[in-house]
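Coordinate analysis (summary)
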Amino acid sequence: MVSDVINTSELHKIDPVFGQLSFDNHEQVVFCNDKDTGLKAIIGIHNTVLGPALGGTRMWQYTNEWEALNDVLRLSRGMTFKSAITGLNLGGGKAVIIGDAKTQKTPALMRKFGEFVHSLSGRYITAEDVGMETSDMDIVRDVTPYVTGISESRGGAGNPSPITAYGVFMGMKAAARYKFGSDVLEDKTVYVQGIGHVGEALVEHLSNEGANVVIADINEERLQAVSKAYGATIYRGSDIYAEEMDIYAPCALGATINDDSISKLKAQVIAGAANNQLKDEIKHGAMLRDRGIAYAPDFLINAGGIINVYAELEGYGKAEIMRKTENIYNTTLEIFKHSDENDLTSHYSALRIAVDRIEARKKEANK
Ligand code: NAD
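Residues numbered from 1 in each chain as written. Predicted model: local features only at pLDDT ≥ 70, side-chain atom pairs only at ≥ 80, totals over all residues. Heavy atoms only, no water.

With that out of the way, let us pick up the sheet that holds strand β7 (residues 189–193). Spatially, the six strands line up as an open sheet ordered β9-β8-β7-β10-β11-β12, and their pairing is parallel. Pairing within the sheet leaves two strands with one partner each, and these edge strands are β9 (233–234) and β12 (294–295). Strands in contact with helix α8 (residues 220–230) are β8 (212–216) and β9; relative to β8, the strand with the most contacts, it is inclined by about 165°. (Pairing = 2+ DSSP bridges. Helix = DSSP H or I, 4+ residues; strand = E, 2+ residues; numbered from the N terminus. Contact = heavy atoms within 4.5 Å. Axes fitted to C-alpha atoms, helices over the stretch in contact; angles between N-to-C directions.)

Let's shift gears to the site of the ligand. Surrounding the ligand, one finds 19 residues, the nearest of these being Thr164, His197, Val198, Asp217 and Ala252. One nitrogen or oxygen atom from the side chain of Ser161 is found 3.2 Å from a nitrogen atom belonging to the ligand. In this structure, Val198 approaches the ligand through a main-chain N or O atom, which is 2.8 Å from an oxygen atom. Protein chains bury 73% of the 840 Å² of accessible surface belonging to the ligand in isolation. Broken down by secondary-structure element, the contributors of at least two residues to the shell around the ligand are α6 (161–180) and α7 (197–208). By residue class, the composition of the shell around the ligand is nine nonpolar, eight polar and two charged. (Near = heavy atom within 4 Å. Polar contact = N/O pair within 3.5 Å; in protein donor to acceptor, adjacent residues only side chain to side chain. Areas by Shrake-Rupley, 256 points an atom, 1.4 Å probe, with all protein chains shown as cover. Nonpolar A, V, L, I, M, F, W, Y, C, P; charged D, E, K, R; others polar.)

Turning our eyes to something else, we now look at the pattern of salt bridges. If you walk through the whole model with that rule in mind, you get 23 salt bridges. As a salt-bridge pair, Arg58 and Asp129 come within 2.5 Å of each other at their nearest N and O atoms. Here Asp129 lies in the loop between β6 (124–125) and α5 (134–143) and Arg58 lies in strand β4 (residues 57–60), a separation of 71 residues in the sequence. Considered together, Arg58 and Asp129 belong to a single accessibility category, that of buried residues. Asp260 is the salt-bridge partner of Lys264, the closest N and O atoms lying 3.1 Å from each other. Remark: Asp260 and Lys264 occur in helix α9 (residues 259–264); sequence separation between them is four residues, near one turn of the helix. What you see here is one network of salt bridges that share partners, running through Arg58, Asp71, Arg74, Lys94 and Asp129. (Salt bridge = Lys/Arg side-chain N within 4 Å of Asp/Glu carboxyl O. Buried < 20%, exposed > 50% of the residue type's maximum accessible area, 1.4 Å probe, protein only.)

All right, on to the side chain of Asp129 then. By relative accessible area, which is 16% here, Asp129 ends up buried. A polar side-chain atom of Asp129 sits 3.2 Å from a polar atom in the side chain of Lys94. When residues no more than four places from it in sequence are discounted, the contact partners of Asp129 are Gly56, Thr57, Arg58 and Lys94.

A word on the environment of Asp298. For Asp298, the position within the fold is in helix α11 (residues 298–301). Expressed as a C-alpha distance, the spacing of Asp298 and Glu320, which sit 22 residues apart in the sequence, is 22 Å. Not counting residues up to four positions away in its chain, the partners in contact with Asp298 are Ala274, Asn275, Asn276, Gln277 and His347.

We describe a pair of aromatic rings using the distance from one ring centre to the other and the angle between the two ring planes. Taken as a whole and assessed by the stated rule, the structure comprises five aromatic pairs. Here the aromatic rings of Tyr310 and Tyr316 are separated by 6.0 Å at their centres, their planes lie at 65°, and the arrangement is edge-to-face. Like Tyr310, the residue Tyr316 is buried in the burial classification. Positioned above the aromatic ring of Phe180, the side-chain terminus of Lys188 is 4.7 Å from the ring centre. Over the face of the ring belonging to Tyr316 we find Lys324, whose NZ or CZ atom lies 4.8 Å from the ring centre. (Phe/Tyr/Trp six-rings, centres within 6.5 Å; stacked < 30°, edge-to-face > 60°. Lys NZ or Arg CZ within 6 Å of the ring centre and 35° of its normal.)

Let us now look at the domain arrangement of the protein. Under the domain assignment used here, the protein contains domain 1 (28–80 + 91–154) and domain 2 (161–303 + 332–353). Distance between the C-alpha centres of domain 1 and domain 2: 29 Å. (Domains from an automatic or database assignment.)

Here helix α14 (residues 328–342) crosses helix α15 (residues 346–366) at 105°, and the two axes come no closer than 8 Å. In terms of axis orientation, α14 runs roughly perpendicular to α15. Residues Ile335, Phe336, His338 and Ser339 of α14 pack against Ser346, Ser349, Ala350, Arg352 and Ile353 of α15. Class assignment for the residues of the contact of α14 with α15 results in four nonpolar, four polar and one charged. (Parallel < 35°, antiparallel > 145°, perpendicular 65-115°, else oblique.)

So, on to the side chain of His26. Tracing the sequence through the fold places His26 in the loop between α2 (11–14) and β1 (28–34). A distance of 3.1 Å separates the side chain of His26 from the backbone nitrogen of Asp24, its partner in a polar contact. Of note is the side chain of His26, whose polar atom sits 2.8 Å from the backbone oxygen of Leu73. Residue contacts for His26: discarding those within four places in its chain leaves Ile45, His46, Leu73, Ser76 and Arg77.

With 62 residues, the main nonpolar core has Met172, Val192, Leu202, Leu206 and Ile215 as its most contacted residues. Take this core: its biggest share by element is ten residues, from α6. Looking at which domains feed residues into this core, each of domain 1 (28–80 + 91–154) and domain 2 (161–303 + 332–353) supplies at least three. Setting aside anything within four residues of it in sequence, one finds Leu206 in contact with Phe169, Met172, Leu185, Val190, Val192, Ala211 and Val213. Within the second largest apolar cluster, 23 residues are counted, among which are Val30, Met59, Met110 and Ile139. (Core = buried A, V, L, I, M, F, W, Y, C linked by side-chain atoms within 4.5 Å.)

Quick look at the structure:
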């Protein structure tokens, strides 16, 4: 046995890619290096059964390469299911660039990255993620057509965040209908954690509907601005999860739904924009179900952004973007129904439906 001769803590070094915990039958992982520009990037292509693998590029100062690799594996897998459940003909992919976006991102580095994307001949299509701006995608566009999220002046679909927020709002309304018997959010107390691009637009929808909105953020300036613009109450406490609320909307970081938060949570509905909200998909999904909390799966309700960039590939306009995003309401209701009928968590139900769609397409292709 390997563990007889080698310290098991070293095992991750023996199986550098296929052996990683986040590896889930990814089709292709591409390591990109360019000495002149300092580019070090990893492109993860998880699955291309439904179409080319589309997903953003994240530039982040990872502590080490394992962290970068695991991030790209995890994120690209998430994109596969997001597109599948949304009914888009796209596969799942993602890219990470290792480095500080503020100090190490240069036009030459972005161009070189674009060349690597181009070398994959369209199997991977990139877009914006953390550390990227529309102007960076414009540079990538100079060297490859396999990029979305470019400027509107160059044919892009523009800022995805308001569309993402609208989809989250639709998912939240559907979850409210399932849990409270009505999708009217008037007088419901909703805590929005993180009022950045998506969170702020969500606050606007909620305050228009007459919800009692409480906002939390680590950025004081944003708190003041958003509170002033929409009349939202600023949260000043130290343990948001223990507060009395009807709905919790995580719109900042992932993994906020965990042993600790679930043990305190009084919210009956969770619906937010953040990716990977469940620290452990299986365990924490089950804990929410046991406690009767309606969890609207993150990868389903935050798909507005990808619907927006998909329009660039398919050439449809704003009306179709809004129609597809509004449909998140129906899909969320279907997921709750499916999870009750099959005694599954809502997260697992959404994954199941996404996987079934991929499997059906595979079967069709092999006929
Ligand atoms: P953003 O960076 O504009 O906003 C994030 C906000 O969260 C910031 O205001 C930040 O100060 C705040 N924040 C950070 N740590 C916090 C903490 N510990 N407590 C409270 N607030 C904190 O990001 P965004 O574009 O609004 O995206 C929000 C989330 O939604 C992210 O998880 C992102 O991955 C996800 N998402 C975004 C889109 C999109 O279209 N922008 C699409 C899908 C998913």
